[in-house]
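Observations on chain architecture
Next come the chains, spelled out residue by residue.
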Amino acid sequence: MKDKRSAMSEREGDSIPGWVAAMPWIAVAGFLALSLLYWSRFSENGSSTDPASWGQFGDYVGGLLNPLVATLALVAIVISIRIQKTELKETRSALQRQVALDNFFSLLQQHRELVNTVRLRATGFLNSIELAEERYEGRDAFSAVVRSLENHNRGDHLEDIQRKWASDYRLTVASEDSFVPQLWFACWYQGDPCGLMDVEKESPFKNSLEASFGHIFRSIYQTLKFIYHLDSEMFSDKIKLDLVNYLRAQMSEDEFVLFALSALTEVGSKSRAIAIAFDFFQKRMTYSDKWAETMRKLFIPISDNVAWAKSKGYERVV
């Protein structure tokens, strides 16, 4: 804080001309100059003891010095008003910046609370016999979905089948490895039955995943959007990226996987765009299952992805 005040004082000092800061000395110098001029002109008459003569001297000095002093005082008032306006502007900017930071950390707190309130019910099946229901809370719920997707990642599927189902569910498919998990997620997210090769697959989850996780994905997107639209005069791109890292630090690996899956559906396209703009995923999912790791290539800021994100309204932040 001390350094900040010192820097502000230096800026104020730089904005004030040197002659303005020396105005009191200018007035004193003016008085001495007028006195010297008067003495050099009238000293041959000697020092007077007549009050009227001293009154004339006062009129002489006042008549010449008062306009100078008045001018200097007016300039000082103008400079003082300018300094006050600058200080008010800086104070207002500091308050706006603090309000923005408070709102950001409030969004982070909201994200933590949303994650902790997740409740997920899942049921296992064995030979068409329903097993006991399991309940997952918080981050365990994210892990349960990711594990279920891994268990459903079986078999090879022809490219034409992939194209059909990707088109039906409006998926941006990362790779052949990720196709099946992406498809299951899209089905479960909407609460639809999903079939591959005419085999119906029932979701192990009682409700659609959107009901359990949709608000969290939207919260992540809105937080990124909030950072993106912060005033660039108060928040440089570097500061914005630092704020994004605060959000990244709040998220587990499974949260990244599910957020990526949601962003590769049609409804989450803007989430993918802003994630590309911030290089949100960076090295996350690098050590995940192969199918999840392949999704990361659709979020890294290479030229094609950056151009696509720009078409959605988000420029690269570096």
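Structure report, in brief.

1. As for the overall build of the protein
The number of helices and strands found in the protein is 13 helices and 4 strands. By the burial criterion, 39% of the 318 residues in the protein qualify as buried. For the protein, restricting intrachain contacts to residue pairs at least 6 apart in sequence, the fraction spanning at least 24 positions comes to 67%. When the accessible surface of the protein is split by element, carbon and sulfur atoms take 55% of a total near 18,800 Å².

2. Examining helix H9 (residues 237-250)
For H9, which comprises 14 residues, the first-to-last C-alpha distance of 20 Å matches the rise-based estimate of 20 Å (1.5 Å per residue) to within 8%. Residues of H9 that are buried include every one of Lys240, Leu243, Val244, Leu247, Arg248 and Gln250, and no others. Looking straight down H9, one finds that the buried residues subtend no more than 155° of arc, so they occupy a single side. Among the exposed residues of H9, those oriented more than 90 degrees off its buried face are Lys238 and Ala249.

3. As for the pattern of salt bridges
Summed over all chains, the structure comprises 8 salt bridges. One salt bridge in this structure joins Lys290 and Asp177, with 3.5 Å as the shortest N-O distance. Of this pair, Lys290 sits in helix H12 (residues 290-293) while Asp177 sits in helix H7 (residues 176-190); the two residues are 113 residues apart in sequence, bridging distant segments of the chain. Looking at Asp177, the relative accessible area reads 32%, which means it is partly exposed.

4. Quick word on unusual backbone geometry
At Asp279, a position not held by glycine, the phi torsion is positive, near 50°. As for its position among the elements, Asp279 is in the loop between helix H11 (269-278) and H12. Given the relative accessible area of 18%, Asp279 is considered buried. You will see that Met285, though not glycine, has its phi angle at about 70°, which is positive. Looking at the element boundaries, Met285 is found in the loop between H11 and H12. Residue classification places Met285 among the buried residues on the basis of a relative accessible area of 0%.

5. Considering the nonpolar core
Leu149, Leu209, Phe213, Leu258, Phe280, Phe281 and Met295 are the most contacted members of the largest nonpolar core, which totals 74 residues. Non-local contacts of Phe213, meaning those with residues more than four positions away in its chain, are made with Val118, Leu120, Ala141, Phe142, Val145 and Leu258.

6. What to know about the packing of helix H5 (residues 139-151) against helix H10 (residues 253-263)
In contact at an axis separation of 9 Å, H5 and H10 are set at 60° when each is read in the N-to-C sense. The element H5 and its partner H10 pack so that their crossing is left-handed. Residues Arg139, Phe142, Ser143, Val145, Val146 and Leu149 of H5 touch H10, and the partners they reach there are Asp254, Glu255, Val257, Leu258 and Leu261. For the contact of H5 with H10, a count of residues per class yields 7 nonpolar, 1 polar and 3 charged.

7. Here we look at the packing of aromatic side chains
Taken as a whole and judged by the stated rule, the model has 17 aromatic pairs. Centre to centre, the rings of Phe256 and Phe281 are 5.5 Å apart; their planes meet at 70°, and the pair counts as edge-to-face. One end of the pair, Phe256, is in helix H10; the other, Phe281, is in the loop between H11 and H12, and 25 residues separate them in sequence. The buried category is assigned to Phe256, whose relative accessible area is 0%. Measuring from ring centre to ring centre gives 4.3 Å for Phe281 and Phe299, while their planes differ by 40°; the resulting arrangement is tilted. Here Phe281, found in the loop between H11 and H12, pairs with Phe299, found in the loop between H12 and helix H13 (303-311); they are 18 residues apart in sequence, far enough to count as distant. You'll find Phe281 and Phe299 in the same group, each marked buried. Taken together through their ring pairs, the aromatic side chains of Phe142, Phe185, Tyr189, Phe213, Phe217, Phe256, Phe259, Phe280, Phe281 and Phe299 make up a single cluster. Positioned above the aromatic ring of Phe235, the side-chain terminus of Arg97 is 4.9 Å from the ring centre. Looking at Arg272, its charged tip hangs above the ring of Trp308, at a distance of 4.2 Å from the centre.

Cut-off values and rules
- Every chain is numbered independently, its residues counted from 1 as its sequence is written.
- A pLDDT threshold of at least 70 governs which residues receive local features in this predicted model, and a stricter bar of 80 or more applies before side-chain atom pairs are shown or counted, although totals over entire chains, interfaces and linings include all residues.
- The side-chain values count all of the structure's non-hydrogen atoms but skip hydrogen atoms and water molecules.
- The numbering of helices and of strands both runs from the N terminus, where a helix is a DSSP run of H or I of at least 4 residues and a strand a run of E of at least 2.
- Buried residues are those whose accessible area, probed at 1.4 Å on protein chains only, stays under 20% of the maximum for their type, while exposed residues exceed 50% and partly exposed ones sit between those limits.
- Here, two residues are considered to be in contact whenever any of their heavy atoms come within 4.5 Å of each other.
- Surface accessibility follows the Shrake-Rupley procedure with a 1.4 Å probe radius. Residue values consider only the protein chains on display as shielding.
- Each residue after the first adds 1.5 Å to the expected span of a helix.
- The directions from the helix axis to the C-beta atoms are what the arc is built from.
- In what follows, salt bridge is the name for a side-chain nitrogen of Lys or Arg lying within 4 Å of a carboxyl oxygen of Asp or Glu.
- What makes a nonpolar core is a set of buried Ala, Val, Leu, Ile, Met, Phe, Trp, Tyr and Cys residues whose side-chain atoms join them at distances within 4.5 Å.
- In this analysis an axis means a line fitted to C-alpha atoms, helices contributing only their contacting stretch, and an angle means the value between N-to-C directions, from 0 to 180 degrees.
- For a crossing to be left-handed, the near helix must be turned anticlockwise from the far one by less than a right angle; the clockwise case is right-handed.
- Each residue gets one of three labels, nonpolar for Ala, Val, Leu, Ile, Met, Phe, Trp, Tyr, Cys and Pro, charged for Asp, Glu, Lys and Arg, and polar for the others, Gly among them.
- Any pair of Phe, Tyr and Trp rings, taking the six-membered ring for Trp, is counted once the centres come within 6.5 Å. Such a pair is stacked with planes under 30 degrees apart, edge-to-face with planes over 60 apart, and tilted for the rest.
- Both a distance and an angle decide whether a charge sits over a ring: NZ of Lys or CZ of Arg must be within 6 Å of the ring centre and within 35 degrees of the ring normal.

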